[in-house]
Amino acid sequence: MVASTPPPGAKAPRVLLAAAVVCFIAGLPIGSAFLAPSPSLARSRCDVSSASAVHPSPLAPRRHRASTLQLSISGGGASLPSEEEIAQQKREAYEALSSFHETASAAQSSSKQMKYLMEGLDAVGSGDEEAAKPECWTCQEGAVAYSVPMDPAAGLKRGIVSKPYQSFVQIELGGGRRGSRGLRLVESMQFEGASVPFARSIQLGTNVDVDAVDGSYSLDDRIAVGDAPPLPLLPQSLVGGVDASSVQFVVEHTLAISETERSRCFLLYGDESARSGDDVLDDEHEDDDTANERETNYRLLGVILAEESKSMPKEEQPTGEEEDEDYAADFISQMIESPSKSPSSPLDLLAVENKSEDDKMDRLMESIGKHNERVIDSATGGSAAKMQRHPVGMFGLTAGVFIGDTFVREPFTLSSRLSPQKGFGKKSDASAKAEAGEDDRFATWHIGVQKVALQFEWDYSESVSQSYTYGKVMGTPTSLSSMANIKSSGIVVVNEARRTKKREERRVVWDMDGSYVAALVGSSYVRAPRYLSFSQSRGYSADAYLTELLVFLEDNSRSSGPLGGGMGDDATPDCYCSRSSRLYSANDGSLMQGSTAFFSMKHPPVEGEEQ
């Protein structure tokens, strides 16, 4: 009688199962030393490690995606990205926006239309199954709108709380206000008690900055001369005491706080260059060149802060989910308790009918991964770290130095890649599109990563200062064309941070450098110029304008005092900070640089502490 030959791969499953039994009995993660991770687990671990390297923060792993482009930047940032790198930037920026901010809608086909995304890009995504999208973003407590008076000493007026609202977001193609092509962000806001939602559509070009790691973004929208009739940029229900029709320019910063939360800031600017009716009639005789050289002035009218969370669709859990989670435990228990047999393959012990051998192994590996997660959670006390907003106050803000990395994105036009046209021949299609302004400008930027330290100083009276110190850089460095991006000094003009105050009344406002207003409201810090002046005919190099939003966070798994417990070099920081900033050119008002950063607080050494 001829002995049956074991099937190919039979030896490997025996070793795997034996190792799994030993780990299960010892209460250790199964396969920590013997089993090769499944493709899904291996991909997740690789993504998390790369995200931590690029974005070294507790927030980075939550998106499980990092820009590999940022890891392969050539120093100096002088050379333009290749077409492949530009395509990768576009894909990652779109995926970050869509996966985190986009909400479920009946028009799900719009996402499928993004397969080409941008010119020269054939597909979007890696082919993985899309995660469930939220039904909407909900601002349950309402947004707070603060009016900015003309007197710098008045700071910000008492805020006005809006009614709760829901926000529905879609990323679509074309159909902008001016019929332009490319991507646009479409958002509908439904306020409580309102019968008709407010809808806005924003073209996504060089005006948008996107962090491809966590989906944080910033953008601006303005009413152009050709918009007739002009529609309000934001609803009156949101802007509070500011007249929505007077808002001509809006800067938005949106930071991802966790998997289900985001913080938003809207800076509202009114056009101060508007003139009387007689002047407008005289302007009809001006030629186009004179109109283009006209100076545009904006004044900061208001600041809006909103905290939104995802409203996920309610789904009934499948009845067999718990059975699938304990599949590995049941299988190994069956191996231990059942009498020994001599099957042709150990996988025959898997009592799953109508399943192939590959399906059985995939199911076993998936359940092993879940078992490993339960073991790790039990070893760490079962409380996973989660970031939450942290109202630092003036004392917590100046308790140490924030150290981290900033990720710089500097837009450029695709026309700069083209060589100048010589002779009288017919211009190429790319050159014609560039001159007509039809080239796609979404996510076309130079990228850089730079070490940076942020420090706030306060004399416990009125004087305050904010400074940035920059270190090593890879790629495009942070622009120093604005002193506000280096150091600013000012005084405290409003200090109403007592907890006895109502939510809309609590604020600390600074007058910075006589030209910027800064406000610390709860866990958010906002800084913006009071006036913006854009003129292409300006003969001197004016200071660029900086807008920024900072959100302070803490790890809710830590139990620390008001200032935290980490004081040593090896201690876990008790305070973190996410930052979004935009730098505007004083000539044409275009976005010079956009950046996002993540910091952790480093406390100064305590006198007498052991080194």
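Residues numbered from 1 in each chain as written. Predicted model: local features only at pLDDT ≥ 70, side-chain atom pairs only at ≥ 80, totals over all residues. Heavy atoms only, no water.

Draft legend 1. Geometry of the overall build of the protein chain. Counting its secondary structure elements, the protein chain contains 12 helices and 23 strands. Within the protein chain, buried positions represent 46% of all 611 residues. Excluding contacts between residues fewer than 6 apart, the proportion of contacts in the protein chain whose partners are at least 24 apart in sequence is 69%. Of the roughly 30,800 Å² of accessible surface on the protein chain, a fraction of 52% belongs to carbon and sulfur atoms. (Helix = DSSP H or I, 4+ residues; strand = E, 2+ residues; numbered from the N terminus. Buried < 20%, exposed > 50% of the residue type's maximum accessible area, 1.4 Å probe, protein only. Contact = heavy atoms within 4.5 Å. Areas by Shrake-Rupley, 256 points an atom, 1.4 Å probe, with all protein chains shown as cover.)

Draft legend 2. Main features of the pairing of strand E6 (residues 198–203). Pairing between strand E5 (residues 183–191) and E6: 6 bridges, direction antiparallel. Bridge pairing in E6 links Glu187 to Arg200. The antiparallel pairing of E5 with E6 creates a hairpin that spans 6 residues between the two strands, and Gly193 there sits at a positive phi of about 90°. (Pairing = 2+ DSSP bridges.)

Draft legend 3. Broad picture of the pairing of strand E14 (residues 445–458). Across the 14 residues of E14, 10 count as buried, placing the element largely inside the fold. Examined bridge by bridge, strand E13 (residues 401–411) and E14 share 11 bridges and lie antiparallel to one another. Among the inter-strand pairings, Thr406 is bridged to a residue of E14, identified as Gln450. Alignment of E14 against strand E15 (residues 463–475), held across 10 bridges, turns out to be antiparallel. Paired with Phe456 across the two strands is Gln466, which belongs to E15. Between E14 and E15, which pair antiparallel and follow one another directly, the connecting turn spans 4 residues, one of which, Tyr460, has a positive phi of 65°.

Draft legend 4. Spatial organisation of the nonpolar core. Ranked by size, the top nonpolar core spans 63 residues in total, and within it Leu267, Phe402, Phe456, Trp510 and Phe552 carry the most contacts. With 21 residues, the next largest nonpolar core counts Val169, Leu185, Tyr217 and Ala443 among its residues. (Core = buried A, V, L, I, M, F, W, Y, C linked by side-chain atoms within 4.5 Å.)

Draft legend 5. Representation of the packing of aromatic side chains within the structure. Going through the model one piece at a time under the given rule, you end up with 16 aromatic pairs. Arranged with centres 5.5 Å apart and planes meeting at 55°, the rings of Phe100 and Trp137 form a pair that is tilted. Residue Phe100 is located in helix H3 (residues 83–101), and its partner Trp137 is located in strand E1 (residues 136–139); the two are separated by 37 residues in the primary sequence. You'll find Phe100 and Trp137 in the same group, each marked buried. A ring pair is formed by Phe249 and Tyr298, whose centres lie 5.2 Å apart and whose planes are at 35°; its orientation type is tilted. Residue Phe249 is located in strand E9 (residues 247–256), and its partner Tyr298 is located in strand E11 (residues 296–311); the two are separated by 49 residues in the primary sequence. This pair shows no difference in class: Phe249 is buried, exactly as Tyr298 is. (Phe/Tyr/Trp six-rings, centres within 6.5 Å; stacked < 30°, edge-to-face > 60°.)

Draft legend 6. Representation of unusual backbone geometry. With phi around 65°, Tyr460 is a residue other than glycine that occupies positive phi space. A relative accessible area of 56% places Tyr460 in the exposed class.

Draft legend 7. Region of interest: the pattern of salt bridges. Applying the stated rule across the entire model yields 20 salt bridges. Lys133 is the salt-bridge partner of Glu102, the closest N and O atoms lying 2.8 Å from each other. A residue pair is termed long-range when its members are at least 10 positions apart, and Glu102 in the loop between H3 and helix H4 (109–112) and Lys133 in the loop between H4 and E1 qualify at 31 residues. Summarising the burial analysis for this pair, Glu102 and Lys133 share the class buried. Note that Glu505 and Arg158 form a salt bridge whose closest N and O atoms lie 3.0 Å from each other. Placement of the pair is Glu505 in the loop between strand E16 (487–496) and strand E17 (507–512) and Arg158 in the loop between strand E2 (144–147) and strand E3 (160–161), with a sequence separation of 347 residues. Linked by salt bridges that have partners in common, Glu187, Arg200, Glu252, Arg262, Arg264 and Glu308 make up one network. (Salt bridge = Lys/Arg side-chain N within 4 Å of Asp/Glu carboxyl O.)

Draft legend 8. Expanded view of the state of the cysteines. Here the structure, examined in full by the defined rule, presents 0 disulfides. Considering cysteine sulfurs only, Cys577 is the nearest to Cys575, which forms no disulfide, with 7.3 Å between them. Under the relative-accessibility criterion, Cys575 is labelled buried at 2%. (Disulfide = S-S within 2.5 Å.)

Draft legend 9. Examining H3 more closely. Here H3 spans 27 Å end to end across 19 residues, near enough to the 27 Å set by a 1.5 Å rise per residue. Burial analysis of H3 places 14 of its 19 residues in the buried class, the great majority of the element. (Expected span 1.5 Å × (residues − 1).)

Draft legend 10. Geometry of the side chain of Glu308. By the element assignment, Glu308 lies in strand E11. For Glu308, the side chain forms a polar contact with the side chain of Tyr165, separated by 2.5 Å. One polar contact links Glu308 to Arg264, side chain to side chain, over a distance of 3.2 Å. Dropping the residues within four chain positions of it, Glu308 is found in contact with Trp137, Thr138, Cys139, Tyr165, Ser167, Thr260, Glu261, Arg262, Arg264 and Arg389. (Polar contact = N/O pair within 3.5 Å; in protein donor to acceptor, adjacent residues only side chain to side chain.)

Draft legend 11. A look at the environment of Arg579. Assignment of secondary structure puts Arg579 in strand E22 (residues 576–584). Judged by its relative accessible area of 4%, Arg579 falls in the buried class. When the C-alpha positions of Arg579 and Ser595 are compared, they lie 8.0 Å apart, and in sequence the two are 16 residues distant. With sequence-adjacent residues up to four places away left out, Arg579 is seen in contact with Leu255, Tyr468, Asn485, Leu546, Glu548, Leu549, Leu550, Ser595, Thr596, Ala597 and Phe599. At a separation of 3.3 Å, a polar atom in the side chain of Arg579 contacts the side chain of Asn485.

Draft legend 12. Expanded view of the environment of Gly471. Counting through the fold element by element, Gly471 comes out in strand E15. The spatial distance from the C-alpha of Gly471 to the C-alpha of Gln450 is 6.4 Å, given a sequence separation of 21 residues. Residues contacting Gly471, with those up to four places away along its chain left out, are Gln450 and Lys451.

Draft legend 13. Representation of the environment of Gly142 in the model. Turning to its location among the elements, Gly142 is positioned in the loop between E1 and E2. Through-space distance from the C-alpha of Gly142 to that of Tyr165 is 6.7 Å; in sequence the pair is 23 residues apart. For Gly142, the contacting residues outside a window of four places in its chain are Val161, Ser162, Lys163, Pro164 and Arg503.

Draft legend 14. Spatial organisation of the confidence of the model for the protein chain. This prediction gives the protein chain a mean pLDDT of 74; 57% of its residues lie at or above 70. Of the regions scoring below 50 in pLDDT, residues 275–285 engages in 4 contacts with residues more than four places distant in sequence or in other chains. When the criterion is pLDDT under 50, residues 430–438 qualifies, and its contacts beyond four places in sequence or with other chains add up to 10 contacts. (pLDDT = per-residue confidence, 0-100.)

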